[in-house]
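These are the residues of each chain, in order.
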Amino acid sequence: MIVTRPLAQAQDFAAQLQALSRPCQLFPLIEIHYLENQTEISDKVTNLSSYGLVVFVSPNAIDAFFSHITQWPLQVPIGVVGEGSRLALARYGLHSDNATIISPSNKLKTDSEALAAEIDFAALADKQVLIVRGTTGREFLADAFRSRGIHVTQLAAYRRSAPEFSISVKRRLEQLLQSENDWVITSSEALRTLIFWCEQLTFDDAVAKIQHQHIIVPHVRIAETAQALGFHSITLTASGDEQLLVALQS
């Protein structure tokens, strides 16, 4: 089992796999970098109570933001996309019993569109919305609020990048391609990095080899990206580590 998440997120999942006697290797395809200048995040935290809704696009956004928070104003609802973000909130003491957390009800469809379907836009007509995200990302949610006349602010709390394709990483990828593996892929960006890296390898069939590896993805959009990139063996699971583990045991 090859786990391709950012290193900090991969270690807990790897421990759960090992507890199930599923040996795994960590091969990060994405790195998370928190921003050097934290002033804007601090400013938004200071005025947190003024927002009618705060949306976090990922667990990384939650971790970056909550490093500045001592206590969440419980009157402010929270929007999250996936089960991983709910678990991240739980680490900071927030759950459905003590906070209003809005998330997609369909565990098989956890994206911005599914979250938007759960939001009461009319209740936000005279309020401000904060979206905490990375430096890049989709504009769907922001556009959905703006199209309804709702004032929305987007806050970049971290940035994502591909790891350095060093000589050691290159050699390790070459070794991984020599055997059949199950790859846990949790973002389309990671898939594109994997294909790009294989294109840089010196042997001709590297791309074909990775396209024939089995990949496990927790979102239909990632599965669609995988199909477009030529992958042949794709398992789609529901969102969240628990659902990934269930799929791996079945």
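A word on the pattern of salt bridges. One pass over the full model with this rule turns up 10 salt bridges. R22 serves as the salt-bridge partner of D182, at 3.8 Å between the closest nitrogen and oxygen. Taken together, the residues D182 in strand β9 (residues 182-184) and R22 in the loop between α1 (7-19) and β2 (25-26) connect sequence positions 160 residues apart. Judged by its relative accessible area of 26%, D182 is partly exposed. Owing to a relative accessible area of 25%, R22 belongs among the partly exposed residues under this scheme. Here the residues in one salt-bridge network are D111, E113, R138 and R221, joined through shared partners.

Time to look at the packing of aromatic side chains. One pass over the structure, following the stated rule, counts 9 aromatic pairs. The interplanar angle of 50° and the centroid separation of 5.8 Å between the aromatic rings of F56 and F66 together place this pair among those described as tilted. Taken together, the residues span a long stretch of sequence, with F56 in strand β4 (residues 51-56) and F66 in helix α3 (residues 59-66) at a distance of 10 residues. By relative accessible area, which is 0% here, F56 ends up buried.

Packing of α3 against helix α4 (residues 83-91) leaves a shortest axis separation of 8 Å and a crossing angle of 20°. Classified by the angle between their axes, α3 and α4 sit roughly parallel to one another. Note on packing geometry: the crossing formed by α3 with α4 is right-handed. Residue-level contacts link P59, I62, D63 and F66 of α3 to G84, S85, A88, L89 and R91 of α4. Class assignment of the residues belonging to the contact of α3 with α4 gives a composition of 5 nonpolar, 2 polar and 2 charged.

Quick notes on the rules
Throughout this document, residue positions are counted from 1 along each chain, in the order its sequence is written. Residues qualify for local features only when their pLDDT is at least 70, as the model is predicted, and side-chain atom pairs are given and counted only at 80 or more; totals for whole chains, interfaces and linings, by contrast, use all residues. Only hydrogens and water are set aside when side-chain values are computed; all heavy atoms of the structure are taken into account. Any carboxyl oxygen of Asp or Glu that lies within 4 Å of a side-chain nitrogen of Lys or Arg is treated as forming a salt bridge with it. In this description a helix means any DSSP run of H or I spanning at least four residues, a strand means any run of E spanning at least two, and both kinds are numbered starting from the N terminus. Accessibility here uses a 1.4 Å probe with only protein chains present; expressed as a share of the type maximum, an area under 20% marks a residue as buried, one over 50% as exposed, and anything in between as partly exposed. Any two of the Phe, Tyr and Trp rings considered here, Trp counted by its six-membered ring, make a pair once their centres fall within 6.5 Å; the pair's planes then place it as stacked at under 30 degrees, edge-to-face at over 60, or tilted in between. All axes are obtained by fitting lines to C-alpha atoms, using only the stretch in contact for helices, and the reported angles, taken between N-to-C directions, cover 0 to 180 degrees. Working rule for angles: under 35 degrees goes down as roughly parallel, over 145 as roughly antiparallel, 65 to 115 as roughly perpendicular, anything else as oblique. Here a crossing is taken to be left-handed if its near helix is turned anticlockwise relative to the far helix by less than a right angle, and right-handed if that turn runs clockwise. Contacts are residue-level and defined by heavy atoms, with any inter-residue pair within 4.5 Å sufficient. Under the convention adopted here, Pro, Cys and the residues Ala, Val, Leu, Ile, Met, Phe, Trp and Tyr are nonpolar, Asp, Glu, Lys and Arg are charged, and Gly plus all remaining residues are polar.

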